[in-house]
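# Tertiary structure, described
Chain by chain, the residues run as shown.
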Amino acid sequence: MSRRTRPTAASTIHIPRQRGGRREPVILVVSSEPSLTLTSRAALAVGRWAWKHRLSWAPTAVATALLAVTGAVHLIEPRTAWFLAALALAPAGVWAWGMLRRPASRQAALWRAVLAAFTTAVSAWFALAVWFAPTRPALFTAWAVLTLAAQVAWLIARRMTLVSEKESA
């Protein structure tokens, strides 16, 4: 019989041979790692919850990335805001062009109008944040309000979509 080496980071306990056909003794290795602290357990729980619900928090993640991008663009080249200000009117123009092309139901027209207004507001915020800096109190408050509105609308739209998928199945 060859003698096996014990791991250095763990304690090994030998259990005597049992009756029956077993020829080798049972070896139980107990890890010497300390158990998780309350803080690390809470961090793991929050991380698992956030990963499980990551799609629900997509607007907040996009808004946070947008905040960082506007800060970087403001530091590098704030004059980009002039170009972005011209682009801020594009969503309203696309909405108006779409209304002329084909008529839609009232509910669809309302959702499109709300989406165009929201996209125009976000584009205008982006241009202003690049020019003045996203950390200005008024712009940061507008960012928080727009983020909250996007998050709530996202959750409502997801719930409506899930309900309609269940009804059609």
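## Section: the overall build of the chain
- When you go through the chain residue by residue, the secondary structure sums to six helices and two strands.
- Going from N to C terminus, the chain has its helices and strands arranged as β-β-α-α-α-α-α-α.
- By residue count, 17% of the 169 residues in the chain fall in the buried class.
- Taking the intrachain contacts of the chain between residues at least 6 apart in sequence as the baseline, contacts between residues at least 24 apart amount to 60%.
- Summed over its atoms, the accessible surface of the chain is roughly 13600 Å², and 68% of this surface lies on carbon and sulfur atoms.

## Describing unusual backbone geometry
- Even without glycine at this site, Ala133 takes up a positive phi of about 105°.
- For Ala133, the position within the fold is in the loop between α5 (106-132) and α6 (137-168).
- Assessed through its relative accessible area of 11%, Ala133 is described here as buried.

## Section: the pattern of salt bridges
- Across all of its chains, the model carries one salt bridge by this definition.
- A salt bridge links Glu77 to Arg79; the nearest nitrogen and oxygen atoms lie 2.6 Å apart.
- Its relative accessible area of 29% is what places Glu77 among the partly exposed residues.

## Describing the side chain of Ser56
- Mapped onto the elements, Ser56 comes out in the loop between α1 (38-52) and α2 (58-76).
- Judged by relative accessible area, Ser56 falls into the buried class, the value being 16%.
- When residues no more than four places from it in sequence are discounted, the contact partners of Ser56 are Gln151, Trp154, Leu155 and Arg158.

## Let's talk about the nonpolar core
- Ala63, Leu67, Ala81, Leu84, Trp125, Phe126, Ala127, Ala129, Val130, Leu139, Trp143 and Leu146 together form the largest nonpolar core, which totals twelve residues.
- Residue assignment for this core shows that the elements contributing at least two residues are α2, α3 (80-87), α5 and α6.
- Here this core gets five residues from one element, more than from any other, and that element is α5.
- Each residue touching Phe126, except ones within four places of it in the same chain, is listed here: Leu66, Val69, Thr70 and Leu84.

## Some details on the packing of α2 against α5
- Axis separation between α2 and α5 bottoms out at 7 Å; the angle between their running directions is 40°. Regarding the angle of α2 to α5, the classification is oblique. Crossing geometry of α2 relative to α5 is assigned as right-handed. In this structure, α2 uses Leu66, Leu67, Val69, Thr70, Val73 and His74 to contact α5, whose residues at the interface are Val122, Trp125, Phe126, Ala129, Val130, Trp131 and Phe132.
- In terms of residue class, the contact of α2 with α5 is built from eleven nonpolar, two polar and no charged.

## Side note on the environment of Ala96
- Its location among the elements puts Ala96 in helix α4 (residues 90-101).
- Relative accessible area serves as the criterion here: at 34%, Ala96 is assigned to the partly exposed category.
- A sequence separation of 20 residues divides Ala96 from Ala116, and the C-alpha atoms of the two residues are 9.2 Å apart.

## A closer look at the packing of aromatic side chains
- Tallying each qualifying case throughout the model produces three aromatic pairs.
- Measuring from centroid to centroid gives 5.6 Å for Trp82 and Trp131, while their planes differ by 70°, and the two rings are edge-to-face. With a gap of 49 residues between them, Trp82 in helix α3 and Trp131 in helix α5 connect regions that are remote in the sequence.
- Relative accessible area serves as the criterion here: at 60%, Trp82 is assigned to the exposed category.
- By relative accessible area, which is 37% here, Trp131 ends up partly exposed.
- Over the ring of Trp51 we find Arg54, and its NZ or CZ is 4.1 Å from the ring centre.

So, how was this worked out
- Residues numbered from 1 in each chain as written.
- Predicted model: local features only at pLDDT ≥ 70, side-chain atom pairs only at ≥ 80, totals over all residues.
- Heavy atoms only, no water.
- Helix = DSSP H or I, 4+ residues; strand = E, 2+ residues; numbered from the N terminus.
- Buried < 20%, exposed > 50% of the residue type's maximum accessible area, 1.4 Å probe, protein only.
- Contact = heavy atoms within 4.5 Å.
- Areas by Shrake-Rupley, 256 points an atom, 1.4 Å probe, with all protein chains shown as cover.
- Salt bridge = Lys/Arg side-chain N within 4 Å of Asp/Glu carboxyl O.
- Core = buried A, V, L, I, M, F, W, Y, C linked by side-chain atoms within 4.5 Å.
- Axes fitted to C-alpha atoms, helices over the stretch in contact; angles between N-to-C directions.
- Parallel < 35°, antiparallel > 145°, perpendicular 65-115°, else oblique.
- Left-handed = near helix turned anticlockwise from the far one by under 90°.
- Nonpolar A, V, L, I, M, F, W, Y, C, P; charged D, E, K, R; others polar.
- Phe/Tyr/Trp six-rings, centres within 6.5 Å; stacked < 30°, edge-to-face > 60°.
- Lys NZ or Arg CZ within 6 Å of the ring centre and 35° of its normal.

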